[in-house]
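Residue strings, one per chain:
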Amino acid sequence: MKKERTDILIIGAGASGAASAWNLSKLNLKIVCIDQGPLINKKEYSFNNKDREISKFKKFNIDPNQRKFDSDYPINNDNSPISISNYNAVGGSTLIYSGHYPRFHPSDFKTKEIDDIGSNWLFNYNDLEKYYNLNDKMVGVSGMAGDPAYPRINNLQSPLDIGYSGSLIARSFNKLGWHWWPSYAAIKKSNKFKKGIRPTVVETYLNKAVKNGVIIKPNSRVLKIKISKNKIATGVIYSNKRKEKRFLKASLILLASSGIGTPRILMNSKNKDFPNGLANNSGQLGKNLMLHPLGFVEGHFNKFLNSNEGPEGCSIYSHEFYETKKKRNFKRGYTIQLLKSPGPIESFHYLKKFKKINFGKSFFNDLFAYYGKTIPLAIICEDTPNKNNFIQLDHKNKDSDGMPGIKINYRLSKNSKKMLTHGIYHCKKLLNIAGAKSIKAFGPVKNTGWHLVGTAKMGTNKNNSVVNKFGQCHDIKNLFIIDSSIFPSSSGVNIASTVQAVSLMISDYIKKNFKRLIARND
Amino acid sequence: MTDSKKRYIFKNNLKNILNNMIPGDEFMPCFSHAVKIETIIKKYLKNKLLLNLKKKKIKIFKKKDIEIYQKLLGNDILDTYFTSNSVINSLNLRKKYYLKDIKKENVFKLLKKAKHKKQFFRE
Ligand SMILES: Cc1cc2nc3c(=O)[nH]c(=O)nc-3n(C[C@H](O)[C@H](O)[C@H](O)COP(=O)(O)OP(=O)(O)OC[C@H]3O[C@@H](n4cnc5c(N)ncnc54)[C@H](O)[C@@H]3O)c2cc1C
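Here's a quick rundown of the structure.

For chain B, the helix and strand inventory stands at seven helices and zero strands. For chain B, the sequential pattern of α-helices and β-strands runs α-α-α-α-α-α-α. At 24 Å, chain B has a C-alpha radius of gyration far larger than the 14 Å of a compact globule built from 123 residues. If you line up chain B on its principal axes, its C-alpha atoms span 80 × 35 × 25 Å. Expressed as a percentage of the 123 residues in chain B, the buried residues total 41%. Pairs at least 24 apart in sequence give 70% of the contacts found in chain B among residues at least 6 apart. Summing over all exposed atoms, chain B offers an accessible surface of approximately 8,100 Å²; the carbon and sulfur share of this is 54%. In chain B, 32 positive and 11 negative side-chain charges are present, and the distance between their average locations comes to 2 Å.

All names here are of chain A. What surrounds the ligand is a group of 34 residues, the closest being S16, D35, S93, H100 and A496. Measuring from a nitrogen atom of the ligand, one finds a backbone N or O atom of Q36 at 3.0 Å. Backbone polar atom of S98 to a nitrogen atom of the ligand: 3.1 Å apart, as the coordinates give it. Burial of the ligand by the protein amounts to 97% of the accessible area it has alone, namely 1,000 Å². Residue assignment for the shell around the ligand shows that the elements contributing at least two residues are α1 (15–24), β6 (221–227), α9 (258–268) and α13 (496–519). Partitioned by chemical class, the residues of the shell around the ligand number 14 nonpolar, 17 polar and three charged.

Quick look at the interface of chain B and chain A now. Many structure descriptions define interface size as the accessible area lost when the parts assemble. Taken together, the contact pairs 45 residues of chain B with 55 residues of chain A. A combined buried area of about 4,300 Å² lies between chain B and chain A, and 66% of that area is made up of carbon and sulfur atoms. Inspection of the region where chain B meets chain A yields six salt bridges. For the salt bridge of A:D161 with B:K104, the shortest nitrogen-to-oxygen distance reads 3.0 Å. Taken together, the links from chain B to chain A amount to 13 residue pairs in polar contact (both at pLDDT 80 or more). Elements that contribute at least two residues to the side of chain B that touches chain A include exactly α1 (3–21), α4 (63–73), α5 (76–82), α6 (85–99) and α7 (107–112) of chain B. Its residues placed into classes, the side of chain B that touches chain A shows 20 nonpolar, nine polar and 16 charged.

Residues and elements named next belong to chain A. A complete count under the given rule lists 33 salt bridges over all chains for this structure. Across the pair D401 and R221 runs a salt bridge, and its minimum N-O distance is 2.6 Å. Placement of D401 in the loop between β13 (390–398) and β14 (404–409) and of R221 in strand β6 is noted, with a sequence separation of 180 residues between them. Residues participating in the shared-partner salt-bridge network are D70, R221, K243, R264, D399 and D401.

Turning our eyes to something else, we now look at the sheet that holds strand β12 (residues 374–381) of chain A. Residues and elements named next belong to chain A. In space, the six strands of this open sheet follow the order β4-β10-β11-β12-β9-β15, with antiparallel pairing throughout. The sheet is open, and its two borders are formed by β4 (181–182) and β15 (438–442), each paired with just one other strand. In this structure, strand β9 (residues 294–300) lies alongside β15, joined through five bridges in antiparallel fashion. Within the sheet, the bridge partner assigned to E298 lies in β15 and is K440. Sitting on the sheet, helix α7 (residues 163–176) is in contact with β10 (316–318), β11 (334–338) and β12, with an inclination near 25° to β10. Most of the contacts of helix α12 (residues 414–434) go to β12, to which it runs at about 155°, and overall it touches β9, β11, β12 and β15.

Attention now moves to the packing of aromatic side chains. Aromatic ring pairs are defined here through the distance separating the ring centres and the angle between the ring planes. All names here are of chain A. Under the defined criterion, the tally for this structure stands at 35 aromatic pairs over all chains. Between the aromatic rings of W121 and F123, the centroid separation amounts to 5.6 Å while the plane-to-plane angle is 75°, which identifies the pairing as edge-to-face. Just as W121 is buried, F123 falls in that class too. The interplanar angle of 5° and the centroid separation of 3.8 Å between the aromatic rings of F470 and Y509 together place this pair among those described as stacked. With F470 in the loop between β15 and β16 (479–481) and Y509 in helix α13, this residue pair connects regions lying 39 residues apart in the sequence. Residue Y509 is classed as buried on the basis of its relative accessible area of 16%. Against the face of W22 rests K26, its NZ or CZ located 3.8 Å from the ring centre.

All names here are of chain A. Following the sequence through the fold, N135 ends up in helix α6 (residues 125–139). Relative accessible area serves as the criterion here: at 0%, N135 is assigned to the buried category. Filtering out sequence-adjacent residues up to four positions away, N135 remains in contact with Y101, Y205, S497, Q500, A501 and L504.

Once that is clear, we can look at a positive patch on the surface. Together, A:K352, A:K355, B:K63 and B:K71 make up a positively charged patch on the protein surface. Structurally, B:K71 is set in helix α4.

Counting 150 residues, the largest nonpolar core has A:I11, A:I225 and A:I510 as its most contacted members. Broken down by element, the residue count for this core peaks at 11 residues, all from α13(A). Every residue in contact with A:I510, bar those within four places of it in the chain, is listed here: A:L24, A:L252, A:L254, A:F480 and A:L517. Judged by nonpolar contacts, the second largest core, of 44 residues, contains A:F364, B:L45, B:L73 and B:I77.

Residues and elements named next belong to chain A. Cis geometry marks the peptide bond from G443 to P444; its omega dihedral reads 0°. Relative to the assigned elements, P444 resides in the loop between β15 and β16. Positive phi, close to 90°, is recorded for S258, a residue that is not glycine. Positionally, S258 belongs in helix α9.

This paragraph deals with the sheet that holds β13(A). All names here are of chain A. If you walk across this open sheet you meet the three strands as β3-β14-β13, and the pairing is mixed. The sheet terminates laterally at β3 (75–79) and β13, the two strands that pair on one side only. For this sheet, the mean angle separating the axes of adjacent strands, direction not counted, is 35°. With three bridges joining them, β3 and β14 adopt parallel strand pairing. Within β14, the residue paired with N79 across the bridge is N409. The strands touched by α9 are β13 and β14; relative to β13, the strand with the most contacts, the crossing angle is about 70°.

Cut-offs used in this document
Residues numbered from 1 in each chain as written. Chains lettered and ligands numbered in written order. Predicted model: local features only at pLDDT ≥ 70, side-chain atom pairs only at ≥ 80, totals over all residues. Heavy atoms only, no water. Helix = DSSP H or I, 4+ residues; strand = E, 2+ residues; numbered from the N terminus. Rg over C-alpha atoms; globule rule 2.2 N^0.38 Å. Buried < 20%, exposed > 50% of the residue type's maximum accessible area, 1.4 Å probe, protein only. Contact = heavy atoms within 4.5 Å. Areas by Shrake-Rupley, 256 points an atom, 1.4 Å probe, with all protein chains shown as cover. Lys, Arg positive; Asp, Glu negative; His and termini not counted. Charge placed at Lys NZ, Arg CZ, Asp CG, Glu CD. Near = heavy atom within 4 Å. Polar contact = N/O pair within 3.5 Å; in protein donor to acceptor, adjacent residues only side chain to side chain. Nonpolar A, V, L, I, M, F, W, Y, C, P; charged D, E, K, R; others polar. Buried area = accessible area lost by both parts, 1.4 Å probe. Salt bridge = Lys/Arg side-chain N within 4 Å of Asp/Glu carboxyl O. Pairing = 2+ DSSP bridges. Axes fitted to C-alpha atoms, helices over the stretch in contact; angles between N-to-C directions. Phe/Tyr/Trp six-rings, centres within 6.5 Å; stacked < 30°, edge-to-face > 60°. Lys NZ or Arg CZ within 6 Å of the ring centre and 35° of its normal. Patch = residues over 30% accessible without salt bridge, like charges linked within 9 Å, V, L, I, M, F, W, Y side chains within 5 Å. Core = buried A, V, L, I, M, F, W, Y, C linked by side-chain atoms within 4.5 Å.

This is how it looks when you write it as structure tokens:
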């Protein structure tokens, strides 16, 4: 087997891997960032492409089981009401993400302490704030300062237009006296494009990292991490585009392969010393999977509201029901997000499913009865850790390199179900006030497992967790996890901003301690 | 019949079918006004299920006829139509027309009327 060598190896070139690749690139070291997926031309994944509505069901389909590219791995969702979405390429899931970009609340870092549910983090909002700010600067976050739901956030770029539907729903929030605020977005306002310009981590971090000397290795899937007798990671076995197996020796390894991909690699790296998966003496690897159960409530209006235009993710949101309140029958809470309604092609397929459209004379009547006249709301529920929600290797379904896929075992907790019911009730109330002529609601929505959290949790010791507060594996000192696998709780907001802030924080620690960290290898 | 004659008949039949499927309205163009049939004909010419379109001029009378051809032509037709520049422009014109009378308040004004003024997150 051909051998190569690097000082630092980052596995995964998505949201978390890219941020650390850039941060560490200032060290004078050899750094390789490896990804199982290809490097895709920017022109192909732009949200402003004319064919975006089509490509999101083809090349940029959010479901890896439908894409079935060589770079994907099978995910068996049979035992879960929510299925996993991701993208496997350089840039990771940011190639398809919507770019809604909120931070966690301070309370999200200590849910056990203040609400007696879930797990506490080993650092708090204040510790992370510096990295949130740095990340906002790198990514270019738009929004409006002064949101009462958060500590003050400065240096935001001008907020995106909330549109006609945003304006209507904001008025309804005001009538009900509920909190709302224009969305934070990793999207730049643009006069040319109504959706704004949404960069991916390729533009915000990776290109800069490459300029500083980082080597990106696309089409290279890590199959196993190897360790020495004294339990030090020595490197990885990976398979390249030609399906040749290589050994890449590394002094320090950072796992950034997502809340599903990271535990998958660790599980597949089991050996004599770690028969239940690498770095898994605690038995916590793969457990506590959290997914943010999502409720969907759609109001149908008589008037055309142009709701099909605007940011891909969310134009305004509410944290009225975010924090625990004694009078409610559940703990913690949720975000209400105002989404964009579907474009003409997606509207057609949706109507077709319900036999509400036909080609022929009535085609445009049928289409325009729906297109631009609906307001969709999403309810993003905070999920809490539970050891019975876990992932495991699926040896029956393998990827193009023969590496086992993943099986998801997940149930909604009673707390989540009550939260979802509460959210649906209140969103209906909101849409009624706004004047909807009919309302449709359901949840949890199947294809919404896009926030993958908790499967290699952070904790105080090697008996209760996989990593310490710096993402360092308790069992293997030169192995770090820098993605959302390590989050002990999920929050009730989208996670990418926090994923990247945490990645920057851990890589800062590595920068300061690199010599000491690799000295242990000898 | 010569190949060019067959092609001619095929093209006219295809145009007729597509314009019956997407006939246009006060804002939206019919299919052949948005997409040049010539640019898509190649894709369908060799489709064995559409062989009869080369033989003689067909007539479309019923909804059922449209459904049959819709299945044969597939959803790509819709993708081609809605990504054409002319349809994108028509949708924009339509949008402007229907938004004329709709109120859109300034976001700052709306926020002034919001209930929560003081920070309410938990430390
Ligand atoms: C449809 C969708 C919409 C979303 N919208 C939002 C949003 O609006 N706001 C928000 O905050 N979040 C959103 N997210 C979530 C957000 O994209 C993720 O939380 C974030 O990208 C996670 O970062 P990550 O680095 O952990 O994983 P990813 O960004 O997914 O990157 C992981 C990378 O690791 C690589 N990898 C995995 N296994 C291996 C292996 N064995 N060898 C080599 N490489 C490997 C993968 O190919 C991939 O490129 C969305 C996600 C999806 C799917």
